[in-house]
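Okay, here's what each chain looks like letter by letter:
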Amino acid sequence: MRGAVDLSALGAPPAQPAQSARGVVEGTDAGFQQVVADSRTVPAVVVLWSASLPASRPFVDVVAGVAAEYAGRFRVVSVDVDANPGLRQAFQVESVPTSYGLIAGQPVGLFAGAQPAEQVRAVVDQ
């Protein structure tokens, strides 16, 4: 991770971001300020992946599975960096999947690359 992540240029908060049946929020350039605002009450794990690299997408499901075990202690935000170049730039994504924590609106680097569920649990427990 190089330098700070500046999320302020992504615009004002619109309506709530879409949420999948598994409880994963779809993060977008237009709606990410709402995700940041929501992290002030419930921390989030943001997984940045690429539709052009389909093998990067399953890590979202790994994190979602761990989130289900933690019963609402954190939410999962999925960001396709191909469809959301503003977030790709803000997070300075060089490889996918990459994940960050959002705690009280502040990004914290978590993982570069896909990790097994045990490693995700270990980091969440910290």
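Residues numbered from 1 in each chain as written. Predicted model: local features only at pLDDT ≥ 70, side-chain atom pairs only at ≥ 80, totals over all residues. Heavy atoms only, no water.

Engineer: How should the overall build of the chain be read in this particular structure?
Structural biologist: Along the backbone of the chain there are four helices and five strands. Scanning the chain from its N terminus toward the C terminus, one meets helices and strands in the order β-α-β-α-β-α-β-β-α. Within the chain, buried positions represent 44% of all 126 residues. Taking all contacts inside the chain whose residues are at least 6 apart in sequence as the whole, residues at least 24 apart take part in 67%. (Helix = DSSP H or I, 4+ residues; strand = E, 2+ residues; numbered from the N terminus. Buried < 20%, exposed > 50% of the residue type's maximum accessible area, 1.4 Å probe, protein only. Contact = heavy atoms within 4.5 Å.)

Engineer: I keep staring at the nonpolar core and nothing clicks. Help me out?
Structural biologist: Soluble globular proteins tend to bury their nonpolar side chains together. In terms of nonpolar packing, the biggest core is built from 16 residues, with Phe32, Val46, Leu48, Val77, Val79, Phe91 and Leu102 touching the most fellow members. Residues Val24, Ala67, Phe111 and Val120 belong to the second largest nonpolar core, which totals 15 residues. (Core = buried A, V, L, I, M, F, W, Y, C linked by side-chain atoms within 4.5 Å.)

Engineer: Looking at this structure, I do not really get the sheet that holds strand 2 (residues 44–49). What am I missing?
Structural biologist: Pairing between sheet strands relies on hydrogen bonds along the backbone, with the strands arranged either parallel or antiparallel. Taken in spatial order, the five strands line up as 1-3-2-4-5 in an open sheet, and their pairing is mixed. Strands with a single pairing partner mark the edges of an open sheet, and in this sheet they are strand 1 (24–26) and strand 5 (106–112). Direction aside, neighbouring strands of the sheet carry axes that sit 30° apart on average. Here strand 2 runs beside strand 3 (residues 75–80); their pairing, made up of six bridges, is parallel. (Pairing = 2+ DSSP bridges. Axes fitted to C-alpha atoms, helices over the stretch in contact; angles between N-to-C directions.)

Engineer: How should unusual backbone geometry be read in this particular structure?
Structural biologist: Cis geometry marks the peptide bond from Val96 to Pro97; its omega dihedral reads -5°. Looking at the secondary structure, you find Pro97 in the loop between helix 3 (85–90) and strand 4 (98–103). The residue Ala71 is not glycine, and still its phi comes out positive at about 45°. Since its relative accessible area comes to 69%, Ala71 is described here as exposed. With a phi close to 50°, Gln92 is a non-glycine residue in the positive phi region. Secondary-structure assignment places Gln92 in the loop between helix 3 and strand 4. The exposure class assigned to Gln92 is partly exposed, which follows from its relative accessible area of 32%.

Engineer: For this particular structure, what's the right way to read helix 2 (residues 58–69)?
Structural biologist: Because an α-helix packs 3.6 residues into every turn, residues spaced three or four apart end up facing the same way. Over its twelve residues, helix 2 extends 17 Å from the first C-alpha to the last, a length consistent with the 16 Å expected when each residue adds 1.5 Å. Residues Phe59, Val60, Val63, Ala64, Gly65, Val66 and Ala67 constitute the buried set of helix 2. Lining the buried residues of helix 2 we find strand 1, strand 2, strand 3, strand 4, strand 5 and helix 4 (117–125). Just past helix 2, the residue Ala71 takes up positive phi, approximately 45°. (Expected span 1.5 Å × (residues − 1).)

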